[in-house]
Amino acid sequence: MSMRIAIENLHFTYPSGVVALRNVTLAIEAGEQLAIIGQNGSGKTTLIKQLNGLLRPSQGTVRIGDWLTTEHSVAKMAARVGYVFQNPDDQLFKGTVRDEVRFGPGNLGFPAEKIELLVQQALTLLELTDKADVNPYDLTATWRKRVAMAAVLAMDTPIVIFDEPTTGQDYQSVQRLAQIFQTLHEQGKTVIAISHDIDFVAENFSRIVVMGQGQVLLDGPAQTVFAQAEVLNSTDVEPPQLTRLGQRLAIGPVVYTVENFLAALRKENDMQGER
Amino acid sequence: MAIIAIQNLTYHYPQTTQPALQDLSFQVEEGEFVAVIGANGAGKSTLCYALTGFAPHFFRGEMSGQVLVAGLDTRHTPLEELMLVAGLVFQNPGNQISGAKFTVYEEIAFGLENLGVPPAEMRPRIDRIMALTGITDFANRSPYALSGGQQQRVALASILVMEPKLLVLDEPTSQLDPIGSREVFETIRAMSKQGMTVIMAEHKLEWVATFADRVIALANGEIILNGPPAEVLTSPLLIEHHIGQTRYTTVAKQAQAEQLWPPERALPVVIDEAEAGFRAYKK
Amino acid sequence: MPDNLSLYIERDSPLQRLNPLTKLAISFSLILIGFLGPGYWLATLLFICVLVPLSIWGKIGPEFLQRTVRLILPLALFLFVMQSLFYPGGRTVLWRFWIFSVKLEGVQFAYLTATRLMNMVGAFLLLLLSTHPSTLMTDLTRRGVSPSLTYILVSTLQIIPQMRNKANTIIDAQRSRGLETQGSVRARIGALLPLVGPLVFGSLVDVEERAIALEARAFKAKRVKTSLIHVPDSVRQRQVRIGLVVLTLVMIGIRLWPL
Ligand SMILES: Nc1ncnc2c1ncn2[C@@H]1O[C@H](COP(=O)(O)OP(=O)(O)OP(=O)(O)O)[C@@H](O)[C@H]1O
Ligand SMILES: Nc1ncnc2c1ncn2[C@@H]1O[C@H](COP(=O)(O)OP(=O)(O)OP(=O)(O)O)[C@@H](O)[C@H]1O
Ligand SMILES: [Mg+2]
Ligand SMILES: [Mg+2]
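Anyway, here's the lowdown on the structure attached to this text. (Residues numbered from 1 in each chain as written. Chains lettered and ligands numbered in written order. Predicted model: local features only at pLDDT ≥ 70, side-chain atom pairs only at ≥ 80, totals over all residues. Heavy atoms only, no water.)

Comments concerning the environment of Trp 143 of chain A
Relative to the assigned elements, Trp 143 of chain A resides in helix 5 (residues 141-153). Between the alpha carbons of Trp 143 of chain A and Thr 13 of chain A there is a distance of 33 Å; along the sequence they are 130 residues apart. (Helix = DSSP H or I, 4+ residues; strand = E, 2+ residues; numbered from the N terminus.)

Printed below as a string of structure tokens:
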């Protein structure tokens, strides 16, 4: 079963009358690494809450593989889509970190040994092993965020969604996160992340969706997306640090990582040497 | 005159053996904008609490040394009196909503009501802050029916509007969009120019470098660096202590090794310096 | 994310505009009279002849009725079954099957209790649906009630929507991780149990966070508070409130010292 995500003509209005999504159409193939960026309130969280059915379309459809989100319960969808909430406090409710992490896989009907293995792996991956017996609420917010991620990773779902995973995380944790995303990618999973950390997005995602006012404004790889400074500006996004620097220096095409910045710089230098 | 004077501050949370802050001493002048950086668990939030009296008054625990804020000894001044001079924006925006008010506008007015500001004076102050923080459009919404970033803006506005002499901010832009983050830094910078003293814990080094007067780096509850941004943010200690550096610094350092950055030139921390350095060498 | 923390319905109506203290007085006198006043039909009359018209005056009639019924119906059914069958000392048997017999006294008692409860729930709902809690808080504070006390009062009034929001948040977290909360009755009950612990614990955490949030906003500052909104009051309303207090006392008096 291919876990393709197909969103078609999706509209969504909150009961209070706020229109949060306007005609979003998006297809995400299994195994893609996709980042969603855009202004506060542009509808990013609202969009991904549609993917596991927590919110349902006012109009249009959302399909995960062969399932329409309207035809399956959120609990069923959870076997396909793992979702790490933006605010860990909205997600955590168990008395210990271990119980919290075990909750998801425990519901998915895996054999006991597999559950223990998954829990152990997730705890190790996020360096939570020595905190396994602590109450999540005795941890700082930054750690709770990690617990929330471990709790979803342990479910071993083909699609994993992270809502602002880098918030409050330090340099080392962000690097570890990048590794985790890479590992998930190598396992063939679809990774979707919302982030305001544009440098992180540029360095770790092959496809970037830019949202503004409930719509998809841009969709493509970093080179093409970050070339559109004006559209980005309209949704309060600035290109990555190195893209901006590259543009000021007028070196080569759109650069966005340390490597391709230096490559462009070398090339530029060689050309000057030849002259 | 120093508005903050900290002497040998050590602080333990209740029932902990490791101190969260260890023997800190520093001063901050009135109108200064000081950024506090550090890895997770370094003690940034705890320092924010200590500067506003939440540690030890609210979190209890054991404190030694002295913290003077606008001449008040935090340990011997009740929290409610400290709140008249110091404002704190907490790290987590979700739990800063008072629960006493039902629209964003009223939520922002709440602090002013408690300070006894006359109603006629409130509206212009609220309107101005809402415009500065970009929340004018949701004035009449429930503060709960907002996106994460919008909620963080409300939390910030609610304290800014109270115009404290000392403003302490704990990662106030963590959920803001990129331009929103920069605008918050600009707003805070402008306020400090007008005399407000600002202490801000942050991970966004580019904006720290661009806007702060001074940077204090913490590691394991101790101050490891304290100085101007250009100096602190290029220190090799930052990598060692998992704080990281701006992409400008990273890229210039690597370029230096390949003779693509002037060898005698200081490493850049902001885009202007990076541009100037690379340009200087292109010729 | 919770939408709203109060039951308040925003409508432009004279009831909505009444001073909150007046509405508080109406509610409490209705509740007291309903419980302690004389007469078998009193609570029913109060509900039909006072509460319902008031709710229509406030343009919240349908919501008022719907919510009252939803809250009171299960309770009333339970009362009728229990009391009609098991009311002690009931003699007048209305209907009998197998070992059970339904007694008139039981039915009457159940009716009385149910209508009194309905009157009480209705009076509370009328207040909550038509009064913005922050107006109530502002008004009470202005009258010299301690801010902490009014805050507690208002938070208590919010407890139902707050619990509901908290519960929804936790349910969303649970179903997102595969816990079936829809479908069969069994699944629903199964989903309810894991909710209790986090709900209680989560509320405790919330209380602490609230305390911090209030401190940071100088809630405890020893200053004379001001208020953004002006809550109107009038001499007429004051007279009405005094009238209601007198009426309540009289009604209770009639019941206690029957002529
Ligand atoms: N529970 C809610 N009720 C009503 N409106 C809401 C609710 N949650 C969000 N909104 C509104 O819907 C719109 C989209 O919100 P959403 O949370 O999807 O934004 P976002 O892109 O995730 O923003 P952020 O970057 O700040 O997290 C916003 O205008 C927001 O105010
Ligand atoms: N309420 C608390 N009780 C006990 N220990 C605490 C408490 N809050 C923080 N700590 C501990 O104190 C140390 C400093 O934490 P603090 O939250 O100040 O770090 P921080 O620099 O703000 O980190 P972050 O980047 O994660 O926000 C950590 O070891 C943390 O675990
Ligand atoms: Mg969001
Ligand atoms: Mg912190």
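So, next bit.
Brief notes about unusual backbone geometry
Leaving glycine out, the prevailing phi sign among residues is negative, and the prevailing peptide bond configuration is trans. A cis amide bond links Ala 55 of chain B to the next residue, Pro 56 of chain B, at an omega of 5°. Positionally, Pro 56 of chain B belongs in helix 2 (residues 54-57). The phi angle at Glu 164 of chain A is positive, at roughly 55°, despite the residue not being glycine. Mapped onto the fold, Glu 164 of chain A is located in the loop between strand 7 (159-163) and helix 6 (171-186). Even without being a glycine, Gln 213 of chain A presents a positive backbone phi close to 50°. With respect to the helices and strands, Gln 213 of chain A occurs in the loop between strand 9 (207-212) and strand 10 (215-220). Judged by its relative accessible area of 56%, Gln 213 of chain A is exposed. (Buried < 20%, exposed > 50% of the residue type's maximum accessible area, 1.4 Å probe, protein only.)

Observations concerning the sheet that holds strand 10 of chain A
Residue and element names in this part refer to chain A. The strand order across the open sheet built from six strands is 6-7-8-3-9-10, with neighbouring strands paired in mixed fashion. Two strands in the sheet have a free side with no partner beyond their single neighbour: strand 6 (81-84) and strand 10. Taken pair by pair, the neighbouring strands of this sheet meet at an average axis angle of 15°, ignoring direction. Across four bridges, the pairing between strand 6 and strand 7 is parallel. Within strand 7, the residue paired with Tyr 83 across the bridge is Ile 161. (Pairing = 2+ DSSP bridges. Axes fitted to C-alpha atoms, helices over the stretch in contact; angles between N-to-C directions.)

Focus: the coordination of the magnesium ion (ligand 4)
Residue and element names in this part refer to chain B. Those protein atoms acting as donors to the magnesium ion (ligand 4) are Ser 45 (OG) and Gln 91 (OE1), and they sit at 1.9 to 2.2 Å. Within this pair, whereas Ser 45 is found in helix 1 (residues 44-52), its partner Gln 91 is found in the loop between strand 6 (86-89) and helix 4 (104-115), the two being separated by 46 residues in sequence. With respect to class, Ser 45 is no different from Gln 91; both count as buried. (Donors = N, O, S within 2.8 Å, 3.2 Å for Na, K, Ca; no water.)

So, empty space enclosed by the protein
All names here are of chain C. For the structure shown, the criterion picks out seven cavities of 30 Å³ or more. Here the largest cavity defines a volume of roughly 170 Å³. Volume-wise, the second largest cavity comes out at about 80 Å³. Ser 6, Leu 128, Thr 131, Pro 133 and Leu 157 are the residues nearest the centre of the second largest cavity, which is lined by twelve residues in total. Of all the secondary structure elements, the ones that give two or more residues to the lining of the second largest cavity are helix 5 (104-130) and helix 6 (133-142). Tallied by class, residues from the lining of the second largest cavity come to nine nonpolar, three polar and no charged. (1 Å grid on protein atoms, 1.4 Å probe; cavity = no way out; pocket = protein on both sides within 12 Å on 5 of 7 lines; lining within 4 Å. Points joined across faces, edges and corners; volume = space filled by probe spheres on them. Nonpolar A, V, L, I, M, F, W, Y, C, P; charged D, E, K, R; others polar.)

Here's the deal with the interface of chain C and chain B
Contacts between chain C and chain B engage 34 residues on the former and 43 residues on the latter. A buried area of about 3200 Å², summed over both sides, lies between chain C and chain B, and 61% of it is on carbon and sulfur atoms. At the junction of chain C with chain B, the criterion picks out two salt bridges. Here Arg 217 of chain C makes a salt bridge to Glu 107 of chain B, at a shortest N to O gap of 3.0 Å. (Contact = heavy atoms within 4.5 Å. Buried area = accessible area lost by both parts, 1.4 Å probe. Salt bridge = Lys/Arg side-chain N within 4 Å of Asp/Glu carboxyl O.)

Observations concerning helix 4 (residues 112-125) of chain A
Residues and elements named next belong to chain A. The terminal C-alpha atoms of helix 4 lie 20 Å apart, and with 14 residues this matches the ideal 20 Å at 1.5 Å per residue to within 8%. Here helix 4 has its buried residues at Ile 115, Leu 118, Val 119, Ala 122 and Leu 123. All buried residues of helix 4 lie within an arc of 130° about the axis, which places them on one face of the element. Away from the buried face of helix 4 by more than 90 degrees, exposed residues Glu 113 and Leu 117 are located. Next to the buried residues of helix 4 lie helix 3 (97-107) and helix 5. (Expected span 1.5 Å × (residues − 1). Arc of directions from axis to C-beta.)

Some remarks on the coordination of the magnesium ion (ligand 3)
Residues and elements named next belong to chain A. Protein-derived coordination of the magnesium ion (ligand 3) comes from Thr 45 (OG1) and Gln 86 (OE1), at a distance range of 1.9 to 2.3 Å. With Thr 45 in helix 1 (residues 44-49) and Gln 86 in the loop between strand 6 and helix 3, this pair connects stretches of sequence that are 41 residues apart. According to the relative accessible area criterion, Gln 86 is buried, its value standing at 12%.

Quick look at the site of ligand 2
The local shell around ligand 2 holds 15 residues, among which Thr 142 of chain A together with Gly 41, Lys 44, Ser 45 and Thr 46 of chain B are the closest. With respect to ligand 2, the chains having nearby residues are chains A and B. A distance of 2.9 Å separates an oxygen atom of ligand 2 from a polar backbone atom of Gly 43 of chain B. Across the shell around ligand 2, the residue classes break down as four nonpolar, nine polar and two charged. (Near = heavy atom within 4 Å. Polar contact = N/O pair within 3.5 Å; in protein donor to acceptor, adjacent residues only side chain to side chain.)

Section: the pattern of salt bridges
Where charged atoms from two side chains of opposite charge approach closely, those side chains can pair. Going through the model one piece at a time under the given rule, you end up with 37 salt bridges over all chains. The shortest N-O distance in the salt bridge between Arg 4 of chain A and Glu 29 of chain A comes to 3.0 Å. Note that Arg 4 of chain A is positioned in the segment before strand 1 (5-13) and Glu 29 of chain A in the loop between strand 2 (19-28) and strand 3 (33-38), a separation of 25 residues in sequence. Among the residues examined, Arg 4 of chain A registers a relative accessible area of 35% and is labelled partly exposed. Between Glu 203 of chain A and Arg 247 of chain B there is a salt bridge, and its shortest N-O distance comes to 2.7 Å. Residue Glu 203 of chain A is located in helix 7 (residues 198-204), and its partner Arg 247 of chain B is located in helix 11 (residues 247-257); the two belong to separate chains. Taken together, the shared-partner salt bridges in this structure form one network comprising Asp 139, Arg 142, Arg 143, Asp 233 and Arg 241 of chain C.

With respect to the nonpolar core
By size, the foremost hydrophobic cluster in this structure holds 92 residues, and its most contacted members are Ile 6, Ile 37, Leu 47, Phe 54, Ile 126, Ile 188 and Ile 199 of chain B. Ranked by the residues each element gives to this core, the list is headed by helix 4 of chain B, at six residues. Built from parts of two domains, this core gets at least three residues from each of domain 1 (1-81 + 166-175 + 197-244) and domain 2 (86-163) of chain B. In this structure, Leu 139, Ala 178, Leu 218 and Tyr 256 of chain A belong to the second largest nonpolar core, which totals 49 residues. (Core = buried A, V, L, I, M, F, W, Y, C linked by side-chain atoms within 4.5 Å. Domains from an automatic or database assignment.)

A word on the sheet that holds strand 5 (residues 72-73) of chain B
Residues and elements named next belong to chain B. Taking strand neighbours across the sheet as the criterion, the four strands line up as 2-1-4-5 in an open arrangement whose pairing is antiparallel. The open sheet has two free edges, formed respectively by strand 2 (21-29) and strand 5, since each of these has just one partner strand. Pairing geometry for strand 1 (residues 2-12) and strand 4 (residues 62-69), over seven bridges, is antiparallel. Bridged to Ala 5 within strand 4 is Leu 68.

Here we look at the packing of helix 3 (residues 42-57) of chain C against helix 4 (residues 61-86) of chain C
Residues and elements named next belong to chain C. Put simply, helix 3 and helix 4 touch, their axes get as near as 7 Å, and they point 130° apart. It follows that helix 3 is oblique to helix 4 by the angle criterion. Counting all contacts with helix 3, which are made through Phe 47, Leu 51, Val 52, Ser 55 and Ile 56, the residues of helix 4 involved are Gly 61, Phe 64, Leu 65 and Thr 68. Counted by class, the contact of helix 3 with helix 4 contains six nonpolar, three polar and no charged residues. (Parallel < 35°, antiparallel > 145°, perpendicular 65-115°, else oblique.)

Comments concerning the interface of chain A and chain B
In many reports, interface size means the accessible area that the parts give up when they come together. Taken together, the contact pairs 42 residues of chain A with 42 residues of chain B. Between chain A and chain B lies a buried interface of about 3800 Å² when both sides are counted; carbon and sulfur atoms form 53% of it. Broken down residue by residue, the surface that chain A buries against chain B is led by Asn 40, Gln 241 and Arg 248 of chain A, which jointly contribute 17%. There are six salt bridges connecting chain A and chain B. Across the contact surface, chain A and chain B share 22 residue pairs in polar contact (both at pLDDT 80 or more). Mapped by element, the contributors of at least two residues to the side of chain A that touches chain B are helix 5, helix 6, helix 7, helix 10 (241-249) and helix 11 (258-274) of chain A. Per-element accounting of the side of chain A that touches chain B gives the leading share, eight residues, to helix 11 of chain A.

Limitation: the analysis is restricted to geometry and does not speak to function.
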